[in-house]
Amino acid sequence: MNQPEVSKDEIFKRLRDLLVEGFELRDEQIVPTARLIDDLELDSLDLVDFAVRLEQQVDLEIAEDELKGIKTVQDIVDLAYQKLNTARS
Amino acid sequence: MASTSEVATAQASPGAASRPARAPALAHGWRALRTGVAFFTFGLGAVVVAGIVWPVRLLPGWTRARREVAVQRVVRAAFRLFAWWMTSLGLIRVSWIGAERLRGRAPRLVVANHPTLIDVVLLLAQLPQADCIVKTAARRNPFMRSIVTAAGYLANEDGDALVDACAERIARGRSVVLFPEGTRSPRGGLRRFQRGAAHIALKSGCPIVPVVITCRPPTLLKGQPWHDVPDRRACFVLRVAEPIDPAQYRDAETTAPVAARRLTADLQTLYERQLSADKGHP
(Lines give C-alpha, C1' and ligand atoms only; values in the text may rest on other atoms or scores of the structure.)
Protein backbone atom coordinates (compact mmCIF):
# COMPACT_ATOMS: atom_id res chain seq x y z
CA MET A 1 0.00 0.00 0.00
CA ASN A 2 1.31 3.45 -0.89
CA GLN A 3 2.04 5.90 1.89
CA PRO A 4 0.00 9.14 1.86
CA GLU A 5 1.51 11.92 -0.20
CA VAL A 6 3.40 14.70 1.58
CA SER A 7 1.88 18.04 0.61
CA LYS A 8 3.92 21.03 -0.54
CA ASP A 9 2.53 22.99 2.41
CA GLU A 10 3.84 20.42 4.85
CA ILE A 11 7.25 20.40 3.17
CA PHE A 12 7.39 24.19 3.23
CA LYS A 13 6.66 24.26 6.98
CA ARG A 14 9.40 21.73 7.70
CA LEU A 15 11.87 23.65 5.58
CA ARG A 16 10.94 26.88 7.28
CA ASP A 17 11.54 25.37 10.74
CA LEU A 18 14.84 23.98 9.58
CA LEU A 19 16.01 27.32 8.19
CA VAL A 20 14.87 29.24 11.26
CA GLU A 21 16.54 26.86 13.73
CA GLY A 22 19.67 26.14 11.73
CA PHE A 23 20.49 29.59 10.42
CA GLU A 24 18.91 32.00 12.90
CA LEU A 25 16.51 33.38 10.32
CA ARG A 26 13.10 34.86 11.12
CA ASP A 27 9.84 33.11 10.18
CA GLU A 28 8.71 36.00 8.01
CA GLN A 29 11.89 35.85 5.93
CA ILE A 30 11.05 32.34 4.77
CA VAL A 31 8.66 32.83 1.87
CA PRO A 32 8.51 30.70 -1.29
CA THR A 33 10.12 33.40 -3.43
CA ALA A 34 13.01 34.05 -1.00
CA ARG A 35 16.36 33.52 -2.71
CA LEU A 36 18.73 31.45 -0.58
CA ILE A 37 21.86 33.46 -1.33
CA ASP A 38 20.59 36.97 -2.03
CA ASP A 39 17.67 37.18 0.42
CA LEU A 40 18.50 34.67 3.16
CA GLU A 41 22.27 35.30 2.87
CA LEU A 42 23.27 31.66 2.91
CA ASP A 43 26.84 31.21 1.71
CA SER A 44 28.30 28.15 0.01
CA LEU A 45 29.15 26.54 3.36
CA ASP A 46 25.66 27.19 4.67
CA LEU A 47 24.23 25.47 1.59
CA VAL A 48 26.33 22.38 2.27
CA ASP A 49 25.23 22.42 5.91
CA PHE A 50 21.64 22.88 4.78
CA ALA A 51 21.88 19.85 2.47
CA VAL A 52 23.19 17.76 5.38
CA ARG A 53 20.30 18.90 7.58
CA LEU A 54 17.78 18.07 4.87
CA GLU A 55 19.20 14.58 4.69
CA GLN A 56 19.28 14.08 8.48
CA GLN A 57 16.00 15.70 9.41
CA VAL A 58 13.75 15.39 6.35
CA ASP A 59 15.33 12.24 4.88
CA LEU A 60 15.89 14.13 1.65
CA GLU A 61 19.12 13.53 -0.18
CA ILE A 62 20.23 16.31 -2.54
CA ALA A 63 23.11 15.75 -4.94
CA GLU A 64 25.72 18.46 -5.45
CA ASP A 65 24.46 19.14 -8.98
CA GLU A 66 20.88 19.53 -7.74
CA LEU A 67 22.05 21.87 -4.98
CA LYS A 68 23.65 24.16 -7.57
CA GLY A 69 20.33 24.46 -9.39
CA ILE A 70 18.43 25.58 -6.30
CA LYS A 71 17.86 29.32 -6.11
CA THR A 72 14.72 29.85 -4.02
CA VAL A 73 12.84 28.23 -1.16
CA GLN A 74 10.17 27.18 -3.69
CA ASP A 75 12.86 25.33 -5.71
CA ILE A 76 13.61 23.17 -2.65
CA VAL A 77 9.93 22.61 -1.94
CA ASP A 78 9.39 21.42 -5.53
CA LEU A 79 12.45 19.18 -5.47
CA ALA A 80 11.54 17.75 -2.07
CA TYR A 81 7.92 17.17 -3.14
CA GLN A 82 9.06 15.28 -6.19
CA LYS A 83 11.69 13.21 -4.38
CA LEU A 84 9.74 12.39 -1.23
CA ASN A 85 6.60 11.39 -3.11
CA THR A 86 8.51 9.34 -5.68
CA ALA A 87 10.14 7.46 -2.82
CA ARG A 88 6.75 6.75 -1.20
CA SER A 89 4.89 5.56 -4.29
CA MET B 1 58.98 51.30 9.39
CA ALA B 2 58.01 54.33 11.43
CA SER B 3 56.96 53.94 15.02
CA THR B 4 53.96 55.73 16.50
CA SER B 5 56.14 58.39 18.06
CA GLU B 6 57.80 59.13 14.71
CA VAL B 7 54.34 59.69 13.25
CA ALA B 8 53.46 62.12 15.98
CA THR B 9 56.62 64.15 15.58
CA ALA B 10 56.80 64.10 11.81
CA GLN B 11 53.29 65.41 11.29
CA ALA B 12 54.16 68.87 12.56
CA SER B 13 57.73 69.61 11.58
CA PRO B 14 58.95 72.97 12.89
CA GLY B 15 59.07 75.69 10.30
CA ALA B 16 56.73 73.87 7.93
CA ALA B 17 54.26 76.72 8.04
CA SER B 18 56.89 79.29 7.09
CA ARG B 19 58.20 77.31 4.08
CA PRO B 20 56.76 78.46 0.74
CA ALA B 21 54.27 75.90 -0.52
CA ARG B 22 55.38 74.11 -3.67
CA ALA B 23 53.05 74.79 -6.60
CA PRO B 24 50.25 72.20 -6.27
CA ALA B 25 50.57 70.93 -9.86
CA LEU B 26 54.33 70.49 -9.50
CA ALA B 27 53.94 68.77 -6.13
CA HIS B 28 51.30 66.47 -7.60
CA GLY B 29 53.50 65.62 -10.57
CA TRP B 30 56.47 64.94 -8.33
CA ARG B 31 54.39 62.65 -6.11
CA ALA B 32 52.96 60.84 -9.15
CA LEU B 33 56.49 60.32 -10.48
CA ARG B 34 57.64 58.82 -7.18
CA THR B 35 54.55 56.60 -7.13
CA GLY B 36 55.41 55.44 -10.64
CA VAL B 37 58.94 54.64 -9.43
CA ALA B 38 57.44 52.61 -6.55
CA PHE B 39 55.18 50.63 -8.93
CA PHE B 40 58.09 50.00 -11.28
CA THR B 41 60.22 48.85 -8.33
CA PHE B 42 57.47 46.48 -7.23
CA GLY B 43 57.36 44.88 -10.68
CA LEU B 44 61.13 44.65 -10.80
CA GLY B 45 61.18 43.24 -7.27
CA ALA B 46 58.73 40.50 -8.28
CA VAL B 47 61.14 39.41 -11.03
CA VAL B 48 64.10 39.44 -8.60
CA VAL B 49 62.19 37.54 -5.89
CA ALA B 50 60.97 35.00 -8.47
CA GLY B 51 64.63 34.47 -9.42
CA ILE B 52 65.69 34.06 -5.79
CA VAL B 53 62.98 31.59 -4.85
CA TRP B 54 63.16 29.48 -7.99
CA PRO B 55 66.15 27.37 -6.83
CA VAL B 56 64.47 26.71 -3.46
CA ARG B 57 62.39 23.96 -5.09
CA LEU B 58 65.61 22.15 -5.98
CA LEU B 59 66.97 22.02 -2.43
CA PRO B 60 67.52 18.35 -1.61
CA GLY B 61 66.02 16.89 1.55
CA TRP B 62 63.67 19.82 2.22
CA THR B 63 60.01 19.06 2.73
CA ARG B 64 57.44 21.06 0.82
CA ALA B 65 56.34 22.82 4.02
CA ARG B 66 59.92 23.84 4.82
CA ARG B 67 60.41 25.20 1.29
CA GLU B 68 57.17 27.18 1.48
CA VAL B 69 58.11 28.77 4.80
CA ALA B 70 61.57 29.64 3.43
CA VAL B 71 59.97 31.35 0.42
CA GLN B 72 57.56 33.20 2.72
CA ARG B 73 60.59 34.55 4.60
CA VAL B 74 62.03 35.87 1.33
CA VAL B 75 58.66 37.49 0.52
CA ARG B 76 58.58 39.04 3.99
CA ALA B 77 62.07 40.48 3.53
CA ALA B 78 61.12 41.84 0.09
CA PHE B 79 57.94 43.43 1.46
CA ARG B 80 59.84 44.99 4.38
CA LEU B 81 62.27 46.46 1.88
CA PHE B 82 59.43 47.70 -0.30
CA ALA B 83 57.63 49.31 2.67
CA TRP B 84 60.90 51.01 3.62
CA TRP B 85 61.33 52.16 0.00
CA MET B 86 57.84 53.66 -0.17
CA THR B 87 58.47 55.39 3.17
CA SER B 88 61.82 56.71 1.90
CA LEU B 89 60.15 58.02 -1.25
CA GLY B 90 57.88 60.04 1.03
CA LEU B 91 54.75 58.22 -0.18
CA ILE B 92 53.65 56.48 3.01
CA ARG B 93 54.21 56.47 6.75
CA VAL B 94 53.41 53.30 8.67
CA SER B 95 52.53 52.97 12.31
CA TRP B 96 51.69 49.74 14.15
CA ILE B 97 49.74 49.58 17.39
CA GLY B 98 49.70 46.28 19.31
CA ALA B 99 52.02 44.53 16.86
CA GLU B 100 53.28 42.32 19.71
CA ARG B 101 49.99 40.39 19.36
CA LEU B 102 51.30 39.10 16.04
CA ARG B 103 54.47 37.70 17.59
CA GLY B 104 54.97 34.57 19.64
CA ARG B 105 53.37 31.21 19.20
CA ALA B 106 51.55 30.50 15.96
CA PRO B 107 49.14 29.57 14.53
CA ARG B 108 46.82 32.51 14.28
CA LEU B 109 44.16 33.61 11.84
CA VAL B 110 44.90 37.22 10.99
CA VAL B 111 42.02 39.14 9.44
CA ALA B 112 42.10 42.72 8.19
CA ASN B 113 40.02 45.27 6.37
CA HIS B 114 41.41 46.18 2.98
CA PRO B 115 41.46 49.93 2.28
CA THR B 116 44.46 49.97 -0.10
CA LEU B 117 46.44 47.96 -2.61
CA ILE B 118 49.44 47.61 -0.30
CA ASP B 119 47.73 46.31 2.87
CA VAL B 120 48.98 42.82 2.18
CA VAL B 121 52.52 44.15 1.76
CA LEU B 122 52.41 45.81 5.19
CA LEU B 123 50.82 42.78 6.87
CA LEU B 124 53.16 40.18 5.39
CA ALA B 125 56.15 42.41 6.18
CA GLN B 126 55.18 42.11 9.85
CA LEU B 127 54.44 38.37 10.03
CA PRO B 128 57.29 35.86 10.28
CA GLN B 129 55.15 33.27 8.51
CA ALA B 130 51.79 33.66 6.84
CA ASP B 131 49.78 31.74 4.29
CA CYS B 132 47.66 34.21 2.40
CA ILE B 133 44.84 33.82 -0.05
CA VAL B 134 45.60 35.06 -3.52
CA LYS B 135 43.23 36.20 -6.24
CA THR B 136 43.20 34.10 -9.38
CA ALA B 137 44.35 37.20 -11.33
CA ALA B 138 47.67 37.25 -9.43
CA ARG B 139 48.39 33.78 -10.78
CA ARG B 140 48.19 34.99 -14.39
CA ASN B 141 51.45 36.94 -14.10
CA PRO B 142 54.24 34.35 -14.57
CA PHE B 143 56.57 35.94 -11.97
CA MET B 144 53.82 36.34 -9.39
CA ARG B 145 52.58 32.83 -10.11
CA SER B 146 56.05 31.45 -9.52
CA ILE B 147 56.31 33.19 -6.12
CA VAL B 148 52.73 32.44 -5.07
CA THR B 149 53.13 28.74 -5.89
CA ALA B 150 56.52 28.43 -4.21
CA ALA B 151 55.21 30.16 -1.06
CA GLY B 152 52.23 27.79 -0.91
CA TYR B 153 49.70 30.61 -0.95
CA LEU B 154 46.11 29.50 -1.35
CA ALA B 155 43.92 30.21 -4.37
CA ASN B 156 40.73 32.18 -3.80
CA GLU B 157 38.43 29.60 -5.34
CA ASP B 158 35.71 27.34 -4.02
CA GLY B 159 34.49 28.42 -0.55
CA ASP B 160 34.24 24.96 1.05
CA ALA B 161 37.58 23.77 -0.23
CA LEU B 162 39.26 27.01 0.82
CA VAL B 163 37.93 26.77 4.38
CA ASP B 164 39.16 23.17 4.59
CA ALA B 165 42.56 24.14 3.16
CA CYS B 166 42.97 27.03 5.63
CA ALA B 167 41.92 24.85 8.58
CA GLU B 168 44.39 22.19 7.47
CA ARG B 169 47.22 24.75 7.32
CA ILE B 170 46.32 25.98 10.81
CA ALA B 171 46.27 22.38 12.07
CA ARG B 172 49.88 22.13 10.84
CA GLY B 173 50.82 25.17 12.93
CA ARG B 174 50.76 27.74 10.11
CA SER B 175 49.20 31.18 10.35
CA VAL B 176 46.73 32.39 7.73
CA VAL B 177 45.93 35.95 6.63
CA LEU B 178 42.67 36.89 4.96
CA PHE B 179 40.52 39.89 4.13
CA PRO B 180 36.90 39.09 5.08
CA GLU B 181 35.54 41.75 2.73
CA GLY B 182 36.80 39.63 -0.16
CA THR B 183 38.14 42.63 -2.03
CA ARG B 184 39.29 46.17 -1.27
CA SER B 185 37.09 48.31 0.99
CA PRO B 186 35.06 51.19 -0.47
CA ARG B 187 36.47 54.69 0.21
CA GLY B 188 36.29 55.39 3.94
CA GLY B 189 34.11 52.37 4.71
CA LEU B 190 33.74 48.64 4.88
CA ARG B 191 32.05 46.03 2.77
CA ARG B 192 29.87 43.42 4.40
CA PHE B 193 32.15 40.71 5.79
CA GLN B 194 31.92 37.26 4.27
CA ARG B 195 31.76 34.40 6.75
CA GLY B 196 34.82 32.48 5.57
CA ALA B 197 37.07 33.71 8.40
CA ALA B 198 34.48 32.69 10.99
CA HIS B 199 34.05 29.26 9.41
CA ILE B 200 37.82 28.74 9.42
CA ALA B 201 38.16 29.85 13.04
CA LEU B 202 35.25 27.66 14.17
CA LYS B 203 36.52 24.66 12.26
CA SER B 204 40.13 24.99 13.41
CA GLY B 205 39.55 26.46 16.89
CA CYS B 206 42.22 29.04 16.05
CA PRO B 207 41.82 32.54 17.51
CA ILE B 208 41.14 35.39 15.12
CA VAL B 209 43.55 38.31 15.41
CA PRO B 210 41.84 41.38 13.92
CA VAL B 211 44.00 44.08 12.35
CA VAL B 212 42.18 47.35 11.69
CA ILE B 213 43.88 49.33 8.93
CA THR B 214 43.33 53.02 8.34
CA CYS B 215 44.95 55.07 5.61
CA ARG B 216 44.66 58.84 5.48
CA PRO B 217 44.36 60.35 2.99
CA PRO B 218 42.84 57.39 1.14
CA THR B 219 45.00 56.10 -1.69
CA LEU B 220 45.48 53.04 -3.92
CA LEU B 221 41.77 52.31 -3.73
CA LYS B 222 40.06 49.71 -5.87
CA GLY B 223 39.78 50.98 -9.43
CA GLN B 224 41.93 54.04 -8.71
CA PRO B 225 44.75 54.50 -11.26
CA TRP B 226 48.28 54.57 -9.79
CA HIS B 227 48.87 58.18 -10.95
CA ASP B 228 45.79 59.44 -9.09
CA VAL B 229 47.85 60.32 -6.02
CA PRO B 230 46.77 62.14 -2.86
CA ASP B 231 48.00 65.65 -2.07
CA ARG B 232 50.18 64.45 0.79
CA ARG B 233 51.90 61.40 2.22
CA ALA B 234 49.48 58.58 3.11
CA CYS B 235 49.60 57.66 6.81
CA PHE B 236 48.83 54.05 7.60
CA VAL B 237 47.86 52.96 11.08
CA LEU B 238 47.59 49.21 11.64
CA ARG B 239 45.94 48.48 14.96
CA VAL B 240 46.02 44.88 16.21
CA ALA B 241 42.99 44.16 18.40
CA GLU B 242 42.55 41.52 21.12
CA PRO B 243 42.34 38.03 19.67
CA ILE B 244 38.85 36.52 19.48
CA ASP B 245 38.49 32.95 20.71
CA PRO B 246 35.96 31.12 18.49
CA ALA B 247 35.19 28.65 21.30
CA GLN B 248 32.92 31.23 22.94
CA TYR B 249 30.59 31.02 19.91
CA ARG B 250 30.16 27.25 20.00
CA ASP B 251 27.91 25.30 22.34
CA ALA B 252 25.63 22.31 22.07
CA GLU B 253 22.64 24.52 21.21
CA THR B 254 24.30 26.58 18.48
CA THR B 255 24.61 25.27 14.94
CA ALA B 256 27.81 25.95 12.99
CA PRO B 257 26.11 28.38 10.54
CA VAL B 258 24.59 30.36 13.42
CA ALA B 259 27.95 30.51 15.23
CA ALA B 260 29.61 31.74 12.01
CA ARG B 261 26.95 34.43 11.57
CA ARG B 262 27.34 35.67 15.15
CA LEU B 263 31.13 35.68 15.03
CA THR B 264 31.11 37.53 11.69
CA ALA B 265 28.59 40.08 12.98
CA ASP B 266 30.77 40.75 16.06
CA LEU B 267 33.86 41.07 13.90
CA GLN B 268 32.14 43.55 11.60
CA THR B 269 30.96 45.57 14.61
CA LEU B 270 34.50 45.66 16.01
CA TYR B 271 35.81 47.10 12.73
CA GLU B 272 32.97 49.59 12.35
CA ARG B 273 33.50 50.88 15.89
CA GLN B 274 37.27 51.17 15.52
CA LEU B 275 37.08 52.88 12.13
CA SER B 276 34.42 55.22 13.43
CA ALA B 277 36.57 56.06 16.48
CA ASP B 278 39.59 56.67 14.23
CA LYS B 279 37.58 59.09 12.07
CA GLY B 280 37.13 61.25 15.16
CA HIS B 281 40.90 61.70 15.49
CA PRO B 282 42.76 64.36 13.53
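What counts as what
- Residues numbered from 1 in each chain as written.
- Chains lettered and ligands numbered in written order.
- Predicted model: local features only at pLDDT ≥ 70, side-chain atom pairs only at ≥ 80, totals over all residues.
- Axes fitted to C-alpha atoms, helices over the stretch in contact; angles between N-to-C directions.
- Helix = DSSP H or I, 4+ residues; strand = E, 2+ residues; numbered from the N terminus.
- Parallel < 35°, antiparallel > 145°, perpendicular 65-115°, else oblique.
- Left-handed = near helix turned anticlockwise from the far one by under 90°.
- Contact = placed C-beta atoms within 7 Å.
- Nonpolar A, V, L, I, M, F, W, Y, C, P; charged D, E, K, R; others polar.
- Buried ≥ 20, exposed ≤ 12 C-beta atoms within 10 Å, placed from the backbone.
- Pairing = 2+ DSSP bridges.
- Expected span 1.5 Å × (residues − 1).
- Arc of directions from axis to C-beta.

Undergrad: For the packing of helix 6 (residues 159-171) of chain B against helix 7 (residues 196-204) of chain B, give the residues involved together with the corresponding values.
TA: Residues and elements named next belong to chain B. Following both chains from N to C, one finds helix 6 and helix 7 inclined at 45°, their axes separated by 9 Å at the closest point. Overall, the two elements helix 6 and helix 7 adopt an arrangement that is oblique. Judged by the sense of rotation from one axis to the other, the crossing of helix 6 with helix 7 is right-handed. Within the contact between the two elements, helix 6 uses G159, L162, V163, C166, A167, I170 and A171 and helix 7 uses G196, H199, I200, K203 and S204. For the contact of helix 6 with helix 7, the class distribution of residues is 7 nonpolar, 4 polar and 1 charged.

Undergrad: Tell me what's going on with the pairing of strand 2 (residues 109-112) of chain B, and back it up with residues and numbers.
TA: Residues and elements named next belong to chain B. The alternating pattern of strand 2 places L109 and V111 on one face and V110 and A112 on the opposite face, and all of these are buried. Pairing geometry for strand 2 and strand 5 (residues 176-178), over 3 bridges, is parallel. Directly across from V110, in strand 5, lies its bridge partner V177. Judged from the 4 bridges that link them, strand 2 and strand 6 (residues 208-216) form a sheet pairing that is parallel. Paired with L109 across the strands is I208, a residue of strand 6.

Undergrad: Before we move on, could you go through the interface of chain B and chain A and cite the residues and values that matter?
TA: Taken together, the contact pairs 11 residues of chain B with 9 residues of chain A. At the level of secondary structure, the elements contributing two or more residues to the side of chain B that touches chain A comprise helix 6 and helix 8 (256-279) of chain B. No other element matches helix 8 of chain B, which puts 4 residues into the side of chain B that touches chain A. A class-by-class count of the residues in the side of chain B that touches chain A yields 4 nonpolar, 4 polar and 3 charged.

Undergrad: An account of the environment of F50 of chain A is needed here, citing residue identities and associated values.
TA: All names here are of chain A. Along the chain, the position of F50 falls in helix 2 (residues 44-58). Classification of F50 as buried rests on a count of 23 C-beta atoms within 10 Å. On a C-alpha basis, the gap between F50 and D65 in space is 15 Å, while along the polypeptide they are 15 residues apart. Apart from residues no more than four positions distant in its own chain, F50 is found in contact with G22 and L42.

Undergrad: Account for helix 6 of chain B, naming residues and giving values.
TA: With 13 residues, helix 6 of chain B should cover 18 Å at 1.5 Å per step; its first-to-last C-alpha distance of 18 Å lies within 8% of that length. Three or more residues of helix 6 of chain B are buried, namely L162, V163, C166, A167, R169 and I170 of chain B. Looking down the long axis of helix 6 of chain B, one finds its buried residues gathered within 160° of arc, a one-sided arrangement. Away from the buried face of helix 6 of chain B by more than 90 degrees, exposed residues A161 and E168 of chain B are located. On its buried face, helix 6 of chain B is in contact with helix 2 of chain A together with strand 2, strand 3 (131-134), strand 4 (154-155), strand 5 and helix 7 of chain B. Directly after helix 6 of chain B, the chain includes G173 of chain B, whose backbone phi takes a positive value near 90°.

Undergrad: Break down the packing of helix 1 (residues 8-23) of chain A against helix 2 of chain A for me, citing the residues and quoting the values.
TA: Residues and elements named next belong to chain A. Where helix 1 meets helix 2, the closest approach of the two axes is 11 Å, and the angle between their N-to-C directions is 130°. If you check the angle between helix 1 and helix 2, you find them oblique. The handedness of the crossing between helix 1 and helix 2 comes out as right-handed. Counted together, R14, L18, G22 and F23 of helix 1 and D46, F50, R53, Q57 and V58 of helix 2 form the full contact between these two elements.

Purely geometric numbers; function is a separate question.
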